[in-house]
Amino acid sequence: MDIKLRVWRQTGPSDKGKMVSYEVKDVSPDASFLEMLDVLNERLILEGDEPIAFDHDCREGICGMCGMMINGVAHGPLKATTTCQLHMRHFKDGDTIDVEPWRSAAFPVVRDLVVDRRAFDGIIQAGGYITAPTGAAPDAHAMPVPKADADAAFEAATCIGCGACVAACPNGSAMLFTAAKVGHLGLLPQGQPERDSRVLSMIEAHDEAGFGGCTNAGECTTVCPKGIPLTLIGRLNSDYRKALR
C-alpha cells in the first residue's frame, strides 16, 4: 500500500505546530499503525530529519500510551481498539491519513504527537487507592462479593488511562476516566470506608486540572478502547451527591 500521511509536527510546548505531509510506500497491510510510523521514522533518520515523536510502550493494547487522533477519531476508525492494535489493512491504498495529538487544555503538547497526561496522575493521587490496612492476604471467599458487583468493578478497572475519552469529548472532560477509577473501588467492600472522601477528592482534582464538565454527549464511550460504559458516570454522579450530604 502507498499511504500519504499528514502529521502534526511541533518542536516544543511553546512552539507553533503545523501539519507536514509524508509519503509512505510499500506499506504491508499486516503492519500496525505504529509499525508504519516506525518505518517512516527510520527513513527520516536516514535522511537526516527529525523523527516523529509519539508515545508507545507495550504495543499490546494494555498500557494506554499510544493515543493519537487518526482522521479526527481517537485511536482511529476501529472501535474498541488502541492505536498500537490498529492495522493498516483497515485503510485503502492511496489513502490520506491525518495524525494529530490529543487536543485538550489539560493535555498540553510536549512534542509532535506526545502530550503531557500528568493530569490523570493527579486524579489518581487524589483518591484512587485504598489506605485501610488489610494485613495478610485473606482466604479465598472470606469476604463475599456479589457477582454483579464484581463484574461491574472489573469492567471499570479495565480502563487503561489512555485519554481517548478526553480527546473525543467536546468539553474536554475526563469524567469517564474519573468515574472508572472511582467506580471500581467503590463497588468493592474494601473501598467502602473511603467512598465519600474518594469521590469528592477525585472530582476536585479533575476540575482543578482544567478538564471540562460532562454533558453526557457520549463521545467518550464511543472511542474508549476498553468499552467503559456511560453508566459509570451516572454512578459517579450518584456517589458525589450522596457524599455532599
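Residues numbered from 1 in each chain as written. Predicted model: local features only at pLDDT ≥ 70, side-chain atom pairs only at ≥ 80, totals over all residues. Heavy atoms only, no water.

Going by an unreviewed UniProt entry, the protein chain carries the name Succinate dehydrogenase and comes from Dactylosporangium matsuzakiense.

Visitor: Before we go on, may I ask you to explain the overall build of the protein chain in this structure?
Guide: Secondary structure assignment for the protein chain yields eight helices and seven strands. In terms of overall dimensions, the protein chain has C-alpha extents of about 60 × 40 × 35 Å along its principal axes. In the protein chain, the share of contacts with a sequence separation of at least 24, taken over all contacts with a separation of at least 6, comes to 68%. In the form shown here, the protein chain has an accessible surface area of approximately 12400 Å², with 52% of it arising from carbon and sulfur atoms. Charged side chains of the protein chain number 24 positive and 32 negative; the gap between the two group centres comes to 5 Å. (Helix = DSSP H or I, 4+ residues; strand = E, 2+ residues; numbered from the N terminus. Contact = heavy atoms within 4.5 Å. Areas by Shrake-Rupley, 256 points an atom, 1.4 Å probe, with all protein chains shown as cover. Lys, Arg positive; Asp, Glu negative; His and termini not counted. Charge placed at Lys NZ, Arg CZ, Asp CG, Glu CD.)

Visitor: Whenever I open this one, the pairing of strand β5 (residues 96-100) confuses me. Can you help?
Guide: A regular strand carries its side chains on alternate faces of the sheet. Two strands pair when backbone bridges link them, and strand β1 (residues 3-9) and β5 are joined in this way by four bridges, in the parallel orientation. Paired with Lys4 across the bridge in β5 is Thr96. One ladder, built from two bridges, connects strand β3 (residues 69-70) with β5; its direction is antiparallel. Residue pairing in the sheet places Ile70 in a bridge with Val99 of β5. (Pairing = 2+ DSSP bridges.)

Visitor: Explain the pattern of salt bridges to me, please; I cannot follow it from the model alone.
Guide: Considering all chains together, one arrives at eleven salt bridges under this definition. Asp38 is paired through a salt bridge with Arg59; the nearest N and O atoms lie 2.7 Å apart. You can see Asp38 sitting in helix α1 (residues 33-46) and its partner Arg59 sitting in the loop between α1 and β3, a full 21 residues away along the chain. Its relative accessible area of 23% is what places Arg59 among the partly exposed residues. With its nearest N and O atoms 3.5 Å apart, the salt bridge here joins Glu47 to Arg43. According to the relative accessible area criterion, Arg43 is partly exposed, its value standing at 32%. (Salt bridge = Lys/Arg side-chain N within 4 Å of Asp/Glu carboxyl O. Buried < 20%, exposed > 50% of the residue type's maximum accessible area, 1.4 Å probe, protein only.)

Visitor: Could you clarify how one ought to interpret a negative patch on the surface in this entry?
Guide: Taken together, Asp2, Glu23, Asp26 and Asp93 make up a surface patch of like negative charges. Residue position: Asp2 is located in the segment before β1. On the basis of relative accessibility, which here comes to 31%, the residue Asp2 falls in the partly exposed class. (Patch = residues over 30% accessible without salt bridge, like charges linked within 9 Å, V, L, I, M, F, W, Y side chains within 5 Å.)

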